[in-house]
2 protein chains.
Amino acid sequence: MNLCDFINTTRPELEDKLKELVLNSLTKDLPELNDMLCHHFGWEKGVISPGIQGKRMRPMLVFLCTETAGGCWRDVMLPATAVEILHNFSLIHDDIQDNSPTRRGKPAIWAKWGVPQAINAGDFLFALANKVIIDTNHKTSSQIALKNAQLLNETCLSLTRGQYLDISFETSNQISIESYFEMIKGKTAALIACCAELGAIAAGTLIDQQKLFHRFGNSLGLAFQVWDDWLGIWGNYEHTGKSVESDLVAGKKVLPVIYALEKKGDFARRWSKGPISHGEVPEIAEMLVKEGAQKYTEKRALNLLDEALLILDQLVVNQDAGRVLKELARSFVNREN
Amino acid sequence: MNLCDFINTTRPELEDKLKELVLNSLTKDLPELNDMLCHHFGWEKGVISPGIQGKRMRPMLVFLCTETAGGCWRDVMLPATAVEILHNFSLIHDDIQDNSPTRRGKPAIWAKWGVPQAINAGDFLFALANKVIIDTNHKTSSQIALKNAQLLNETCLSLTRGQYLDISFETSNQISIESYFEMIKGKTAALIACCAELGAIAAGTLIDQQKLFHRFGNSLGLAFQVWDDWLGIWGNYEHTGKSVESDLVAGKKVLPVIYALEKKGDFARRWSKGPISHGEVPEIAEMLVKEGAQKYTEKRALNLLDEALLILDQLVVNQDAGRVLKELARSFVNREN
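Description of the structure in this document. Quick caveat, the model's predicted, so the values are computed rather than measured.

## Topic: the overall build of chain A
Secondary structure assignment for chain A yields 16 helices and two strands. For a compact globule of 337 residues, the expected C-alpha radius of gyration is about 20 Å, and chain A comes in at 20 Å, within 12% of that figure. Dimensions of chain A, computed from C-alpha atoms along their principal axes, come out at roughly 60 × 50 × 35 Å. Looking at chain A as a whole, 51% of its 337 residues are labelled buried.

See the structure below:
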């Protein structure tokens, strides 16, 4: 079995469960909230492209971690949907906070329905994620349900801490690479680490193993975000669904930018002069390449991925699943394919 | 013992616990988030007026419901702080959604730190409320902690459903009194019903009693919101801390307005012509009185309060506490004193 087979096997059930949990929690007097969520999750009538629905990588990670640790993916369906719901809450709020009008090639909720309803749609998903994780209670012991919920809530706190740092970076002139990594640890890696640990908990592993799965997820999550930053400058619009120049034009302090600002070269001089226009993007992206920012970013991403894979080597119980999990982990750092 | 004694006895411990839970969950690299939360909760240095901190009525309700059902207020400290934290999450997001720049006589978080950080500060409190309720686990059984968490999450879902309706009312021309009550049931009453039920659960009451406490809280919560609508038009700025004319000037569809719109009289004609200016407020508030909207609102609030008190009569185990709880309930509908 390879990753593609695994996704084809699990994805339809996951999508059905996700849709059931999200849409059945709405009462009939909330038609527009239903529309917003169908729009956001890619469940409009006639939609068949999974690209529009997002890749559901986080639930896949929960499934594969539990399988790798000797468990069964179906037993971890509720935690997997809970993290996907939580992830989508954070996307909806993030788009408002970043003033980003597009998500997966379509208008963001706030751009279509306004900021007040978008904040509320995010809050709704946040509440639902918590409800779903508590409801794991019906499929497992109270102790495990509580442990899952505790983990999810610690993760939410880390997410908001990371988000605070990310927003405050916008108005800060000097950001160190160290504080960048602190920020993405909360903003991105915490939820991916949570996915890995939820999988390990469900498989009944010992606490030491659970913590190692968490560390695996943390390194993988950092690698993922570093690579996302790479894509934000050098990625291909068609594959990522987001505008290739957005990060430079938006003035986002992504890793290549922070690295090049520390170099105090041509890029730093141009950056200090004010916003980068659409037309300047190719030239400035090339400037970053010349100053070593692209190579540095690639190296950091690959080192973090290696770190994750090394930890994973200690954890594999089911060899087949372990191989597929490694394939998934590698895809986090080469998401153009 | 009267309500004032009870508040004086419990409030300092509550405030300490609340402050400890909120501020200890912040790491040192988040100084501005700390400032935002101290500002919002009224914990700036030198602040001594409890008015600035809000009344903490919801935790008081949790305490008094548990005491009335035969429990002890200290045993319900964590659920009480969790609801207060959740309530404050909803206030922070609500102020953004309503475009309301003032909260308790001070700038709202969004007005001082911007919308992105305000959304995130709300999300942080939402996550924290969930963490605190799960942590009741350490003070009670896993079963009860899960039950508390389930209740809190159902409440959050109701809150967001009510908030959706509230926001959609802004652009709707015809709102029935029935749909108004559906909206406030989610937006306001759900959390107050949750407070009452959390108190009952902690006191070890049977499930039927818990449901009756929930119904008591629901009626009380509806009464509270109806009275809040009254205050939004005829209230006194100094006592409520919000601008007396804001609801009419903001064009909010509060109960007196919905009632008078149904009458299709002078008020409805004026309303249809566009926004009400600051200067017109006294005249238009008087118009509402003449058309019976003030009397109607008062009557609905008092009937709902009576409904709540009737349910409560079936539930009192500790007579002393029951009397104080009734005093608290009555204060929900006459909040100028």
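There's plenty left to go through after this.
## Thoughts on the interface of chain A and chain B
With 39 residues of chain A in contact, the opposing surface of chain B contributes 39 residues. Those elements that place two or more of their residues in the side of chain A that touches chain B are helix H2 (31–41), helix H4 (77–97), helix H6 (115–134) and helix H7 (142–169) of chain A. Here the element with the most residues in the side of chain A that touches chain B is H7 of chain A; it accounts for 16 residues. Of the residues in the side of chain A that touches chain B, the class split is 17 nonpolar, 15 polar and seven charged.

## Topic: the environment of Ala260 of chain B
Residues and elements named next belong to chain B. Along the chain, Ala260 turns up in helix H12 (residues 255–263). Each C-alpha atom, one on Ala260 and one on Met1, is 42 Å from the other, the two residues being 259 residues apart in sequence. Ignoring sequence-local partners within four residues, the contact set of Ala260 consists of Gly265, Phe267, Ala268, Leu288, Glu291 and Ala293.

## A look at the packing of H6 of chain A against helix H7 (residues 142–169) of chain B
The interhelical angle for the contact between H6 of chain A and H7 of chain B, taken along N-to-C directions, is 160°, at an axis separation of 9 Å. Judged by the angle between their axes, H6 of chain A and H7 of chain B are roughly antiparallel. As H6 of chain A runs across H7 of chain B, the sense of the crossing is left-handed. Between H6 of chain A and H7 of chain B, the contacting residues are Pro116, Gln117, Asn120, Asp123, Phe124, Ala127, Leu128, Asn130, Lys131 and Ile134 of chain A on the first element and Leu146, Ala149, Gln150, Asn153, Glu154, Cys156, Leu157, Thr160, Gln163, Tyr164 and Ile167 of chain B on the second.

## A look at H7 of chain B
Taking 1.5 Å of rise per residue, 28 residues should cover 40 Å, and H7 of chain B covers 40 Å from first to last C-alpha, within 8% of that figure. The buried fraction of H7 of chain B amounts to 22 of the 28 residues, a majority that puts the element mostly inside the structure.

Definitions and cut-offs
Residues numbered from 1 in each chain as written. Chains lettered and ligands numbered in written order. Predicted model: local features only at pLDDT ≥ 70, side-chain atom pairs only at ≥ 80, totals over all residues. Helix = DSSP H or I, 4+ residues; strand = E, 2+ residues; numbered from the N terminus. Rg over C-alpha atoms; globule rule 2.2 N^0.38 Å. Buried ≥ 20, exposed ≤ 12 C-beta atoms within 10 Å, placed from the backbone. Contact = placed C-beta atoms within 7 Å. Nonpolar A, V, L, I, M, F, W, Y, C, P; charged D, E, K, R; others polar. Axes fitted to C-alpha atoms, helices over the stretch in contact; angles between N-to-C directions. Parallel < 35°, antiparallel > 145°, perpendicular 65-115°, else oblique. Left-handed = near helix turned anticlockwise from the far one by under 90°. Expected span 1.5 Å × (residues − 1).

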